[in-house]
Structure formats: C-alpha cells, structure tokens
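Single-letter residue listing:
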Amino acid sequence: MNRIGRAFWLARPGQGELRDVDLPVPAVGEVLVRSLYSGVSRGTETLVFRGGVPESQHAVMRAPFQEGDFPAPVKYGYLNVGVVEEGPEELVGRTVFCLYPHQTRYVVPATAVTVVPETVPAERAILAGTVETAVNALWDASPMIGDRIAVVGGGMVGCSVAALLARFPGVRVQLVDADPARAATAKALGVDFALPADALGDRDLVVHASATEQGLARSLELLAAEGTVVELSWYGDRKVSLPLGEAFHSRRLTIRASQVGTVSPARASRSYADRLALALDLLADPALDALITGESAFEELPEVLPKLAEGVIPALCHRIRYP
C-alpha cells in the first residue's frame with residue numbers, strides 16, 4: 001500500500017499549494033480512506049483563503065481535522081467523500097463522508113466517518129456538511145405548517161435551507177437573491193424566487209444567509225410583526241450595521257443566531273452523529289444536485305481556489321474530483 005498522500009495547504013493568504021503527506025498505518029479502530037470527491041464550501045473556505053478569520057474566532061473556526069493555524073499555513077476543509085481501504089471489516093469498501101480537508105488519502109478514527117446511504121451517490125454526498133447546517137438552522141427556526149418564509153441569500157447554505165423547506169406541508173417559500181441566475185436554482189429546488197426589491201413581505205420567518213449587511217437589513221423589512229430572522233451568515237472580520245432604530249422595537253422583531261458548531265437546543269436529545277446521518281438521508285433527493293455548480297481535478301486546486309475567492313468561477317458548491 002502506498003503510504004504517501006497529497007494535501008492542499010494554504011501556504012499564505014491568497015496562495016495555496018499541494019504537499020506530500022506521510023500516512024501512518026491505521027491503528028485498531030482507525031480507517032484509511034481514499035478520497036473520491038471533496039467540496040469547496042465557497043463562503044467559509046474563501047474567507048479562510050483570503051485570511052479573513054478574526055483572531056478572536058481562530059479556535060471556534062477550527063475544522064475537525066485541520067492542521068496548522070489561521071491565517072496560514074493551514075490545511076482546511078470539511079466536505080470529503082471517499083472509500084475505506086483499510087480498517088474494521090464492516091467498513092472496508094464502504095463509501096463514507098468525513099469532515100476532512102482536501103487530501104487524496106487520510107487516516108482517521110473509524111468513529112469520524114459516516115457511511116453514505118446506498119440511495120445517495122458519492123458525487124452528491126459532499127453536500128452533507130452543508131445540509132447538516134441547514135438541518136440545524138431549521139431545528140432552531142422551528143417553522144410551522146402554513147408559514148410564509150423567505151430565505152435571503154441563495155448561496156450554498158441558503159439554497160440547502162430552501163430545499164428542505166420545500167418539503168414542509170403548506171409552507172410558502174421564496175428564495176431571495178441579488179443574482180437573477182439563482183432563479184434557475186430556485187426552480188430546480190421547487191421554490192419561488194425574487195430579487196430583493198421584489199421579495200414578498202409579511203413573512204413569519206426569514207432565514208438570512210447572504211453574509212451582507214444589506215441582506216440582513218432587507219430580511220428585517222420582510223418580516224411580519226413578531227417575526228424572526230434566523231441569522232446563518234458568517235461575517236468573519238467585517239462589521240455589520242442594522243436599522244434597529246426604525247420599526248424594530250414597535251414590531252417586536254427577533255434576530256436569532258444559528259451555527260452548526262453546536263446541536264440546536266431545540267433537539268438537545270440528538271447527537272452530532274444523529275444530525276449528520278439525517279443530512280445524508282435527506283441527500284437522496286436528486287434536486288439537491290442543483291447546489292453543485294462546477295467540478296475540477298484535485299491537482300487544479302491551487303489555481304481554482306483563487307478564482308472561486310475572486311468570483312471568476314461562480315459557484316455554490318464546487319466539487320473536487322480525485323484520481
């Protein structure tokens with residue numbers, strides 16, 4: 001067995017490189033995984049790529065198998081699907097999801113991988129981490145039958161939330177984004193679409209995921225009285241101003257944070273493993289293929305990530321294919 005792997009590292013903000021990695025022999029209770037695909041989570045990973053993680057959040061932002069420290073050099077990423085080549089007999093040959101960075105092969109505890117259901121193709125399973133974020137957000141939001149809901153921000157997380165909300169009985173969902181091209185994505189997910197100026201108001205719930213000050217302000221404007229904005233955006237080192245001196249108090253509006261780092265208190269009896277397994281089950285829906293908007297070979301990552309960060313390659317989730 002070849003004990004050398006290759007990994008993508010951020011050498012310094014704005015510049016990545018591929019490095020050889022010596023792989024250990026798996027110990028008892030460990031697995032050796034050969035990567036099939038990984039996903040670039042454009043929002044978070046491009047923030048890391050440009051060195052925008054605030055120092056106060058360095059510990060919070062660490063990925064489970066990150067090496068190095070922010071801002072760089074650092075090996076970062078958390079959407080990996082591969083095949084178990086060595087390990088416990090019941091896992092060898094199985095396709096698994098792991099919160100691992102971009103690397104051709106890697107060794108992790110067997111408890112760190114989750115078997116991908118046979119109903120979910122490996123190519124789509126890279127979305128598990130993002131759909132898990134959407135699951136947690138909806139546990140926090142607790143939408144009710146018949147709710148009028150807007151999802152502001154048609155990125156990877158926002159579209160995942162919209163896709164799950166489309167399954168709720170009687171719920172009317174509108175995806176709101178400044179990019180008219182997101183209308184096609186909304187259609188594929190089975191929800192309505194509107195530009196910010198045309199979005200329907202009087203919403204019982206707004207899920208905000210645009211990571212912009214304007215998007216959060218518009219989310220507040222779209223709420224009905226007593227409504228709630230669930231804030232999913234990660235702003236990194238940017239400051240955000242809000243019009244809280246207008247009708248915010250008289251209409252008794254609420255802004256609630258949601259973050260995947262902890263399981264929602266609304267589902268305190270569920271574990272992280274339960275949440276991830278649910279996300280993988282939900283990925284049996286082929287409509288979610290609309291969230292994967294491009295693909296590149298692993299060897300191209302040092303050239304691809306700057307283009308993703310600059311918006312030269314427009315993307316929701318960009319899939320990385322391994323040899």
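A quick note: this is a predicted structure, and the numbers were derived from the prediction, not measured.

**A few points about the overall build of the protein chain**
Within the protein chain one finds 8 helices and 17 strands. Computed over its C-alpha atoms, the radius of gyration of the protein chain comes to 20 Å, within 12% of the 20 Å expected for a compact globule of 323 residues. Relative to its full complement of 323 residues, the protein chain shows a buried share of 51%. By sequence separation, contacts in the protein chain at least 24 residues apart represent 65% of the contacts at least 6 residues apart.

**Regarding the packing of aromatic side chains**
Summed over all chains, the structure comprises 5 aromatic pairs. Plain terms: the ring middles of Phe65 and Tyr100 are 5.4 Å apart, the flat faces sit at 35 degrees to each other, and that makes the pair tilted. Of the two residues, Phe65 sits in the loop between helix 1 (42-49) and strand 4 (67-68) while Tyr100 sits in the loop between strand 7 (95-98) and strand 8 (105-109), which places them 35 residues apart along the sequence. By relative accessible area, which is 22% here, Phe65 ends up partly exposed. Judged by its relative accessible area of 6%, Tyr100 falls in the buried class. By the ring-pair criterion, three or more aromatic residues cluster together here, those being Phe65, Tyr100 and Tyr106. Stacked on the ring of Tyr37, the Lys or Arg Arg319 has its end atom at 5.6 Å from the ring centre.

**Remarks on helix 1**
With respect to burial, helix 1 is a largely interior element, 6 of its 8 residues being buried. Among all positions in helix 1, only Thr44, Glu45, Thr46, Leu47, Val48 and Phe49 are buried. In the core, the buried residues of helix 1 are packed alongside strand 1 (4-12), strand 2 (15-22), strand 3 (30-41), strand 5 (74-75) and helix 8 (301-310). Downstream of helix 1 by a residue or two, Gly51 has a phi angle that is positive, lying close to 75 degrees.

**Quick notes on the side chain of Gln66**
Within the fold, Gln66 resides in the loop between helix 1 and strand 4. The class for Gln66 is buried, based on a relative accessible area of 7%. Within the structure, the side chain of Gln66 is placed 3.3 Å from the backbone oxygen of Gly68, a separation counted as a polar contact.

**Brief notes about the pairing of strand 1**
The pairing of strand 1 with strand 2 spans 8 bridges and is antiparallel. When the sheet's bridge partners are listed, Ala7 is paired in strand 2 with Arg19. Counted along the chain from strand 1 to the antiparallel partner strand 2, the turn is 2 residues long, and its residue Gly14 has a positive phi close to 90 degrees.

**Some details on the environment of Pro121**
Relative to the assigned elements, Pro121 resides in the loop between strand 9 (113-115) and helix 2 (122-125). Classification of Pro121 as partly exposed rests on a relative accessible area of 30%. Sequence separation of Pro121 and Arg256 is 135 residues, and the distance between their C-alpha atoms is 34 Å.

**Details of the pattern of salt bridges**
Per the stated rule, a full pass over the model turns up 17 salt bridges. Taking the shortest distance from any N to any O, the salt bridge between Glu226 and Arg252 comes out at 3.0 Å. With Glu226 in strand 14 (residues 223-231) and Arg252 in the loop between strand 14 and strand 15 (254-257), this pair connects stretches of sequence that are 26 residues apart. Residue Glu226 is classed as exposed on the basis of its relative accessible area of 52%. Beyond isolated ion pairs, a larger network of salt bridges with shared partners links Arg34, Glu85 and Arg105.

About the thresholds
Residues numbered from 1 in each chain as written. Predicted model: local features only at pLDDT ≥ 70, side-chain atom pairs only at ≥ 80, totals over all residues. Heavy atoms only, no water. Helix = DSSP H or I, 4+ residues; strand = E, 2+ residues; numbered from the N terminus. Rg over C-alpha atoms; globule rule 2.2 N^0.38 Å. Buried < 20%, exposed > 50% of the residue type's maximum accessible area, 1.4 Å probe, protein only. Contact = heavy atoms within 4.5 Å. Phe/Tyr/Trp six-rings, centres within 6.5 Å; stacked < 30°, edge-to-face > 60°. Lys NZ or Arg CZ within 6 Å of the ring centre and 35° of its normal. Polar contact = N/O pair within 3.5 Å; in protein donor to acceptor, adjacent residues only side chain to side chain. Pairing = 2+ DSSP bridges. Salt bridge = Lys/Arg side-chain N within 4 Å of Asp/Glu carboxyl O.

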